[in-house]
Amino acid sequence: MYTDLFYALLDRQNARGHPILSAMLYVFCPTAARWWLAGADPTPPFDPVWQSLKDLTSGGTLLDHLTRYGFENLIDDVREYVQKVEEYRKQHPVQAPETLPLFRGGKLDTARRFGSQHAINNLGGDWRNLFVYVRTWAYLSQDWRIGMRIERDSEYILSSEKVSLILPFTRLPVQFDTWVWKVPVGHVMEIKIGLLVSQMEQDQLRFALLRRCNSPGKQPWQNTPTVFALDRESGEANHFDQTLSDEDLERVVQSLSNLAKNGPHPPLNALRQPSICKKCGYQQLCYKKNYISPHTLSTL
């Protein structure tokens, strides 16, 4: 789920047609790039992992935020889920055993869902988002911390920040939301940037651009940030394995940006991997009654 990319498209500080965003969106899907350049704003699907991290970094406890969403009647269910995950992890010392089919936690019967429908709607309208949200807060955030080798007592700071993406040929930077861990090491702060991924796939363009990002304030980073891929399912955290050289990055962005402007714009995800379309902010424009729209297919 490319929540960070769609938020960047909606950020009014970012110019529509900016070559960096055009290139990133074309890599995601040429048809999505076409919609954006034509003036359509995306409607990002609700992302419970992103929302959980946002709330975690905003202050307050997990109980505070669940109460704010309206889950007062399900607090015991949440506590039971957290306890079951903890016990299951002790019994099965592998990465994220609660994602295995044999784990029986994280369920709500129909009656419980019906009584909490308003709260469920506040969390994206799918009751399963509740347990994804809680798991991210209670376990994934700590799994990532451990994977990035950040000690619990290191007084680290996790924050949501807008960093600046810029290349020599662009006049204005792109403001891009990301997750930043600041870890005190001696007299400086070590910066670790985390990008959410699925199945540990590192999309080279997004990662390469974030590796060269500038700090959000006037003060530059005290050291070059380290970029990590954070798997939203398994909780793994891996260093960025760069295969696109820095020397080629500017040329690649320019070429992809030109393709985004001039085409072709085939609906590659719809034809190749439609599961990605369900996480796309332009899904409602590409599909009509669960079929690919003829207007979308006209790009072929």
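Heads up: these notes are all about the structure in this document. All values derive from a computational prediction rather than experimental measurement.

**Considerations on the pairing of strand β2 (residues 174-185)**
By the criterion of burial, β2 is predominantly enclosed, with 9 of the 12 residues buried. In this sheet, β2 lies alongside strand β1 (residues 157-165) in antiparallel orientation, the contact comprising 9 bridges. The residue bridging E161 from the neighbouring strand is T178, located in β2. Summarising the sheet, β2 and strand β3 (residues 188-197) pair through 7 bridges and their orientation is antiparallel. Paired with W179 across the strands is G194, a residue of β3. Between β2 and β3, which pair antiparallel one after the other, the connecting turn spans 2 residues, and G186 there sits at a positive phi close to 65°.

**Re the side chain of N14**
Take N14: it is sitting in the loop between α1 (3-10) and α2 (19-28). According to the relative accessible area criterion, N14 is buried, its value standing at 7%. Not counting the four nearest positions on each side in its chain, N14 is found in contact with A8, L21, P173, V174 and Q175.

**Looking at the nonpolar core**
Counting 48 residues, the largest nonpolar core has L165 and L205 as its most contacted members. Top contributing element to this core by residue count: α2, with 7 residues. If we skip the residues at most four places from it in the chain, L205 touches A23, M24, V27, L244, L249, V253 and L256. Core analysis: the second largest hydrophobic core is formed by 22 residues, I75, Y81, F103 and Y139 among them.

**Section: the packing of aromatic side chains**
Taken as a whole and assessed by the stated rule, the structure comprises 12 aromatic pairs. Measuring from ring centre to ring centre gives 5.5 Å for F6 and F28, while their planes differ by 90°; the resulting arrangement is edge-to-face. Within this pair, whereas F6 is found in helix α1, its partner F28 is found in helix α2, the two being separated by 22 residues in sequence. A residue is classified by how much of its surface remains accessible, and F6, at 1% relative accessible area, is buried. Its relative accessible area of 8% is what places F28 among the buried residues. Residues F207 and F240 carry aromatic rings whose centres are separated by 5.3 Å and whose planes lie at 35° to one another, so their mutual orientation is tilted. You can see F207 sitting in helix α10 (residues 204-211) and its partner F240 sitting in the loop between β5 (237-239) and α11 (246-262), a full 33 residues away along the chain.

**Examining the sheet that holds strand β4 (residues 226-231)**
The strand order β1-β2-β3-β4-β5 describes an open sheet built from 5 strands, whose pairing is mixed. Two strands close off the open sheet at either side, each with one partner strand: β1 and β5. Going from strand to strand, the sheet's axes swing by 40° on average, the running direction of each strand aside. Direction of pairing for β3 relative to β4: parallel, over a ladder of 6 bridges.

**Details of helix α9 (residues 128-147)**
In α9, a bend of some 50° at T136 exceeds every other bend along the element. After α9 finishes, the residue R149 shows a positive phi value of roughly 60°.

**So, the environment of T136**
Tracing the sequence through the fold places T136 in helix α9. According to the relative accessible area criterion, T136 is buried, its value standing at 0%. Considered as a pair, T136 and P48 are 88 residues apart in the sequence and their alpha carbons are 8.3 Å apart. Dropping the residues within four chain positions of it, T136 is found in contact with V49, S52, L53, S141 and W144. A polar side-chain atom of T136 sits 2.8 Å from the main-chain carbonyl oxygen of V132.

**Comments concerning the packing of α2 against α11**
The geometry of α2 relative to α11 is characterised by a closest axis approach of 8 Å and an angle of 75° between their N-to-C directions. Relative to α11, α2 is oriented roughly perpendicular. Facing α2, whose interface residues are P19, I20, S22, A23, Y26 and V27, α11 presents V253, L256, S257, L259 and A260. Of the residues contributing to the contact of α2 with α11, the split by class is 9 nonpolar, 2 polar and no charged.

Criteria and thresholds
Residues numbered from 1 in each chain as written. Predicted model: local features only at pLDDT ≥ 70, side-chain atom pairs only at ≥ 80, totals over all residues. Heavy atoms only, no water. Buried < 20%, exposed > 50% of the residue type's maximum accessible area, 1.4 Å probe, protein only. Helix = DSSP H or I, 4+ residues; strand = E, 2+ residues; numbered from the N terminus. Pairing = 2+ DSSP bridges. Contact = heavy atoms within 4.5 Å. Core = buried A, V, L, I, M, F, W, Y, C linked by side-chain atoms within 4.5 Å. Phe/Tyr/Trp six-rings, centres within 6.5 Å; stacked < 30°, edge-to-face > 60°. Axes fitted to C-alpha atoms, helices over the stretch in contact; angles between N-to-C directions. Bend = angle between axes of the 7 residues up to and from the residue. Polar contact = N/O pair within 3.5 Å; in protein donor to acceptor, adjacent residues only side chain to side chain. Parallel < 35°, antiparallel > 145°, perpendicular 65-115°, else oblique. Nonpolar A, V, L, I, M, F, W, Y, C, P; charged D, E, K, R; others polar.

Don't take any of this as a statement about function, it's just geometry.
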